[in-house]
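Topology and contacts: notes
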Amino acid sequence: MARIGPRMAPDFAIDQDWENYSADQHAVWRLLFERQQKLLVGRACAEYLGGLDALGVAAAGIPDFRRLSDILDRTTGWRIVAVPGLVPDAVFFAHLARRRFPSTCFIRRRDQLDYLEEPDVFHDICGHVPLLMNPIFADYLQAYGAGGLKAEGLGHLERLARLYWYTVEFGLIATPAGLRIYGSGILSSSGESVYCLDDPRPNRIAFDLRRVMRTRYRIDRFQDTYFVINDFEQLFAATRPDFAPIYREVAALPDIEANQRLDKDRQAVYATPAGEKKWAVAELGPSLGRKRLEDVR
Ligand code: FE
């Protein structure tokens, strides 16, 4: 976590100091942005691509949070708050519960283009913020913030954190056009944007709240398991019930390893426009998979 400067407010809010990004920092943004633009058409969900477009987040450079916040605020009542890095859980949840998205300001270095364990401004702004233009997702993230404050009091933060991980950061969505990405951790990663949809190895399991709460995750590599929702309404409805009894129920069951498969897992299924049901697993043979990877380079 960054040093606490003299101007740091108790909610960790700082100034983005947009005027002081260097030309090179803007150039790193452009590299990342252009690379993801090529990849994400046909991979990211429509809600994400629509939000990105409406916000006018562009290849031009690192956006000024004040400008984005004004557009977001008019649409769903969210604002972006600049913070120095990861903030304490309670601070993070309190921001979300007030429809404020805490975003880091720094941008990764050129030698970190492909992988970063920590969020940077590209991940936060390009990965998370466009989805906040969607009214249902906007409500979900606010409810998550309130749920975080509650989970902390109940001592079940880890189970709630898994929900965040497997939805907000690494969620997939089965649309009539096929499997798409809505998880921000994937959307800001060029390698995982391809891997999560095309690689035959990871599990793609139909979303199940208790299954998610029991599943461990890895932060140092591409995911072994993705959970697939059908739409944001389903996610919002599934997380609406009081979690207190669910936490107790789940606490009595063993954890599930990130790469484990259970007999009762339902592989995600989606319907094509023709009404045909398809398994949301990579049906590509290895050669076709490789070709797809080459196409996007
Ligand atoms: Fe994130």
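Residues numbered from 1 in each chain as written. Predicted model: local features only at pLDDT ≥ 70, side-chain atom pairs only at ≥ 80, totals over all residues. Heavy atoms only, no water.

The subject of this paragraph is the packing of helix α6 (residues 135-154) against helix α7 (residues 157-169). With their axes 9 Å apart at the nearest point, α6 and α7 run at an angle of 160 degrees to one another. As the angle between them shows, α6 and α7 are arranged roughly antiparallel. Here α6 and α7 pass one another in a crossing that is left-handed. For the pair α6 and α7, the contacting residues are Phe137, Tyr140, Leu141, Tyr144, Gly147, Gly148, Ala151 and Glu152 in the first and Leu157, Leu160, Ala161, Leu163, Tyr164, Thr167 and Val168 in the second. For the contact of α6 with α7, the class distribution of residues is 11 nonpolar, 3 polar and 1 charged. (Axes fitted to C-alpha atoms, helices over the stretch in contact; angles between N-to-C directions. Helix = DSSP H or I, 4+ residues; strand = E, 2+ residues; numbered from the N terminus. Parallel < 35°, antiparallel > 145°, perpendicular 65-115°, else oblique. Left-handed = near helix turned anticlockwise from the far one by under 90°. Contact = heavy atoms within 4.5 Å. Nonpolar A, V, L, I, M, F, W, Y, C, P; charged D, E, K, R; others polar.)

On to the packing of α7 against helix α12 (residues 243-251), then. In the contact formed by α7 and α12, the axes pass within 10 Å of each other and the chain directions differ by 100 degrees. Between α7 and α12, the interaxial angle falls into the category roughly perpendicular. Residues Arg159, Leu160 and Leu163 of α7 pack against Phe243, Tyr247, Val250 and Ala251 of α12. Of the residues assigned to the contact of α7 with α12, the class counts are 6 nonpolar, no polar and 1 charged.

A separate point is the pattern of salt bridges. In the structure shown here, the tally under the stated rule is 21 salt bridges. Note that aspartate 11 and arginine 100 form a salt bridge whose closest N and O atoms lie 3.1 Å from each other. Within this pair, whereas aspartate 11 is found in the segment before α1 (23-40), its partner arginine 100 is found in strand β2 (residues 100-104), the two being separated by 89 residues in sequence. On the basis of relative accessibility, which here comes to 23%, the residue aspartate 11 falls in the partly exposed class. For the salt bridge of glutamate 257 with arginine 216, the shortest nitrogen-to-oxygen distance reads 2.4 Å. You can see glutamate 257 sitting in the loop between α12 and β7 (269-271) and its partner arginine 216 sitting in the loop between α10 (209-214) and β6 (225-229), a full 41 residues away along the chain. (Salt bridge = Lys/Arg side-chain N within 4 Å of Asp/Glu carboxyl O. Buried < 20%, exposed > 50% of the residue type's maximum accessible area, 1.4 Å probe, protein only.)

Moving on, we get to unusual backbone geometry. Trans is the prevailing form of peptide bonds, just as negative phi is the prevailing case for residues other than glycine. The phi dihedral of phenylalanine 12 falls on the positive side, at around 70 degrees, and the residue is not glycine. By the secondary structure assignment, phenylalanine 12 is in the segment before α1. Looking at phenylalanine 12, the relative accessible area reads 12%, which means it is buried. At aspartate 17, a position not held by glycine, the phi torsion is positive, near 60 degrees. Position of aspartate 17 among the secondary structure elements: in the segment before α1. A residue is classified by how much of its surface remains accessible, and aspartate 17, at 37% relative accessible area, is partly exposed.

Of all the 5 residues making up strand β1 (residues 79-83), 4 are buried; the element is thus mostly covered by neighbouring parts of the structure. In terms of strand pairing, β1 meets β2 through 5 bridges, oriented parallel. Opposite alanine 82, over in β2, you have serine 103 as the bridge partner. Regarding topology, helix α4 (residues 89-97) serves as the crossover connection from β1 to the parallel β2, and that connection is right-handed. (Pairing = 2+ DSSP bridges. Right-handed = clockwise from strand over helix to strand, strands pointing away.)

What the 4 strands build is an open sheet, ordered β4-β3-β6-β5; its pairing is mixed. Edge positions in the sheet fall to β4 (178-181) and β5 (203-206), since each has one partner strand and no second. Averaged over all pairs of adjacent strands, the angle between their axes in this sheet comes to 35 degrees, without regard to strand direction. Of the strand pairs in this sheet, strand β3 (residues 172-175) and β6 are connected by 2 bridges, and their pairing is parallel. Looking at the pairing, leucine 172 lines up with valine 228 of β6.

Shape is all these values report; function is a separate question.
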